[in-house]
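Structural features, examined
What follows is the residue order along each chain.
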Amino acid sequence: MSDRPDMRISDAERELVVAQLNAAVAEGRLTLAEFEERVDGVLRSRTYGEVEPYVGDLPQSGPVAAPEQLEIRNQASSLKRVGRWTVPRRLLIATRAGSVKLDFTDAQFTTQLVEVRLEARSSSIDLVLPRGATADIDSIAPHASSLQQKVPAAYDAAGSGIVFRIGGEVRSSSVRVRYQRRFWRWRW
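Presented here is an overview of the structure given in this document. Because the structure is predicted, anything quoted here is derived from the model rather than measured.

Here the focus is the packing of helix α1 (residues 11–27) against helix α3 (residues 48–55). Look at α1 against α3: their axes get within 11 Å of each other, and the N-to-C directions meet at 5°. When the axes of α1 and α3 are compared, the pair comes out roughly parallel. Each of Glu-13, Val-17, Gln-20 and Leu-21 in α1 lies in contact with α3, whose residues at this interface are Tyr-48, Val-51, Tyr-54 and Val-55. Class assignment for the residues of the contact of α1 with α3 results in six nonpolar, one polar and one charged.

Ranked by size, the top nonpolar core spans 28 residues in total, and within it Phe-104, Leu-118, Leu-127, Leu-129, Phe-164, Ile-166 and Val-177 carry the most contacts. Counting residues per element, the ones that place at least two in this core are β4 (90–96), β5 (99–103), β7 (113–121), β8 (124–129), β9 (134–143), β11 (163–171) and β12 (174–179). The dominant element in this core, judged by the number of residues it contributes, is β7, at four residues. With sequence-adjacent residues up to four places away left out, Leu-127 is seen in contact with Ile-93, Leu-102, Phe-104, Ile-166, Arg-176, Val-177 and Arg-178. Core analysis: the next-biggest nonpolar cluster, separate from the first, contains 12 residues, Ile-9, Leu-21, Val-39 and Val-51 among them.

The rules we used
- Residues numbered from 1 in each chain as written.
- Predicted model: local features only at pLDDT ≥ 70, side-chain atom pairs only at ≥ 80, totals over all residues.
- Heavy atoms only, no water.
- Axes fitted to C-alpha atoms, helices over the stretch in contact; angles between N-to-C directions.
- Helix = DSSP H or I, 4+ residues; strand = E, 2+ residues; numbered from the N terminus.
- Parallel < 35°, antiparallel > 145°, perpendicular 65-115°, else oblique.
- Contact = heavy atoms within 4.5 Å.
- Nonpolar A, V, L, I, M, F, W, Y, C, P; charged D, E, K, R; others polar.
- Core = buried A, V, L, I, M, F, W, Y, C linked by side-chain atoms within 4.5 Å.
- Buried < 20%, exposed > 50% of the residue type's maximum accessible area, 1.4 Å probe, protein only.

Okay, structure coming up:
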């Protein structure tokens, strides 16, 4: 788990340990009584050292590698991706008469450059970037479409944020690239 057993464990890491215990029950390595006892112990643990006795006798599973490319297909539907998710280096978004919203604000990135390829017909695409990210939409070929970029272009703002290179062809569609809007407690 960690080289330092006295280091505090986060809530997200506790959830991963509980998921590991859940997988052990599904595989038949633990009984339900053992599972309940171990989950209770993990949730009370504050450090890696306190968690170790509950998972020390189980096989360790490594994280699943993120795919190099993700293909999102949508037809006459509304598709949203929000919250925590891993963004690959290349995204292909193909949509027909649909709505696609990808929120990258809580996403984890595998690279500093994300290539997005659009193939849209009679659709709307909303890309919500994390703060500090830049975008280049000059490679989009619009046909009777609307393009809105409300974030700095990659060549205008030199920084260390994630760079989105967006290209492709959109017909009778709208594409909006923006940051998350906030008002008081609401975010959209």
